[in-house]
Amino acid sequence: PSTTAVYFLASALASLPSVLVKTPAEVVKQRLQVGQGGANSIEAARALIQQGRVMTLFSGYQAQLLRELPFNALQVSFYERFRQDLAVLEGLDNDILPLWQTALIGFTAAGLASVLTHPLDTVKTLQMVDSEYGKMTVGSSIVKLYREEGAAGFFRGAAARVMLVSAAGLIFFWANESVKRILG
């Protein structure tokens, strides 16, 4: 398989176990953001558990997985492809690109992956915080959102997410490359 395919598959598979941990954390965070659940994360999680609603912590799991798998796979694949292409363009070994360039490549890769997966992020968020969407399948949620808001509904909050994720990508890939160099 091509190097890009290996990066894509490895990243997608690595996402599977992380979603099991990330989903309950996302549910609690997003419920707090919309005023459902308590004064802090522990209170919000405890309230759901005490109410016998433990599975609510996994509401939106499928949507989270459907967003996380392609996002991580695309982000890493874009990063590695852009990094390799820039190294070839500059005649450098791709392990020695200047850190500022790897940071900008990380910003770009994360931003592009974020734009492409934002519709799935919107559906995931609706399933986690809206009781009506929370009872629906991912497919039904997509149809409902499209019927009610059209294509624009899938891009609610996109600019904020893209900026946040791009900045995180810049920091992550800069730190990743820095640590790789330190460890030699």
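Up top is the structure these notes are about.
These numbers come from a predicted model, not from an experiment. (Residues numbered from 1 in each chain as written. Predicted model: local features only at pLDDT ≥ 70, side-chain atom pairs only at ≥ 80, totals over all residues. Heavy atoms only, no water.)

1. Let's talk about the overall build of the protein
Secondary structure assignment for the protein yields 7 helices and 0 strands. Listing the helices and strands of the protein from first to last along the sequence gives α-α-α-α-α-α-α. Projecting the C-alpha coordinates of the protein onto the three principal axes gives extents of approximately 60 × 35 × 30 Å. Residue burial in the protein is summarised as follows: out of 184 residues, 40% are buried. Across the protein, every contact between residues at least 6 apart in sequence was considered, and the portion connecting residues at least 24 apart equals 72%. Taken as a whole, the protein presents about 10000 Å² of accessible surface, with 68% of it coming from carbon and sulfur. Side chains of the protein carry 16 positive and 14 negative charges; the gap between the two charge centres is 7 Å. (Helix = DSSP H or I, 4+ residues; strand = E, 2+ residues; numbered from the N terminus. Buried < 20%, exposed > 50% of the residue type's maximum accessible area, 1.4 Å probe, protein only. Contact = heavy atoms within 4.5 Å. Areas by Shrake-Rupley, 256 points an atom, 1.4 Å probe, with all protein chains shown as cover. Lys, Arg positive; Asp, Glu negative; His and termini not counted. Charge placed at Lys NZ, Arg CZ, Asp CG, Glu CD.)

2. Some details on the nonpolar core
Judged by nonpolar contacts, the single largest core of 13 residues is most densely connected at Phe 78, Tyr 79, Leu 97, Ile 105 and Ala 113. Broken down by secondary-structure element, the contributors of at least two residues to this core are helix H3 (61-90), helix H4 (99-129) and helix H7 (158-183). Examining the composition of this core, we find that 6 residues originate from one element, H3, more than from any other. The contacts of Ile 105, once residues within four sequence positions are left out, are Tyr 79, Phe 82, Arg 83, Leu 86 and Leu 97. (Core = buried A, V, L, I, M, F, W, Y, C linked by side-chain atoms within 4.5 Å.)

3. Observations concerning the pattern of salt bridges
For the coordinates displayed, the defined rule picks out 14 salt bridges. One salt bridge connects Lys 124 with Glu 26, and the closest N-O pair in it is separated by 2.9 Å. Of this pair, Lys 124 sits in helix H4 while Glu 26 sits in helix H1 (residues 3-33), and the two are 98 residues apart along the sequence. Where Lys 180 meets Glu 177, a salt bridge forms, and the shortest distance between an N and an O atom there is 3.2 Å. Of this pair, Lys 180 and Glu 177 both sit in helix H7, 3 residues apart, roughly one helical turn. For Lys 180, a relative accessible area of 38% corresponds to the partly exposed category. It is possible to trace a salt-bridge network through shared partners that takes in Lys 22, Glu 26, Lys 29, Arg 67, Glu 68, Asp 121, Lys 124 and Arg 161. (Salt bridge = Lys/Arg side-chain N within 4 Å of Asp/Glu carboxyl O.)

4. Things to note about the side chain of Thr 122
Mapped onto the fold, Thr 122 is located in helix H4. Judged by relative accessible area, which is 7%, Thr 122 ranks as buried. The contact partners of Thr 122, leaving out residues within four places of it in the chain, are Leu 145, Gly 153, Phe 154, Phe 155 and Arg 156.

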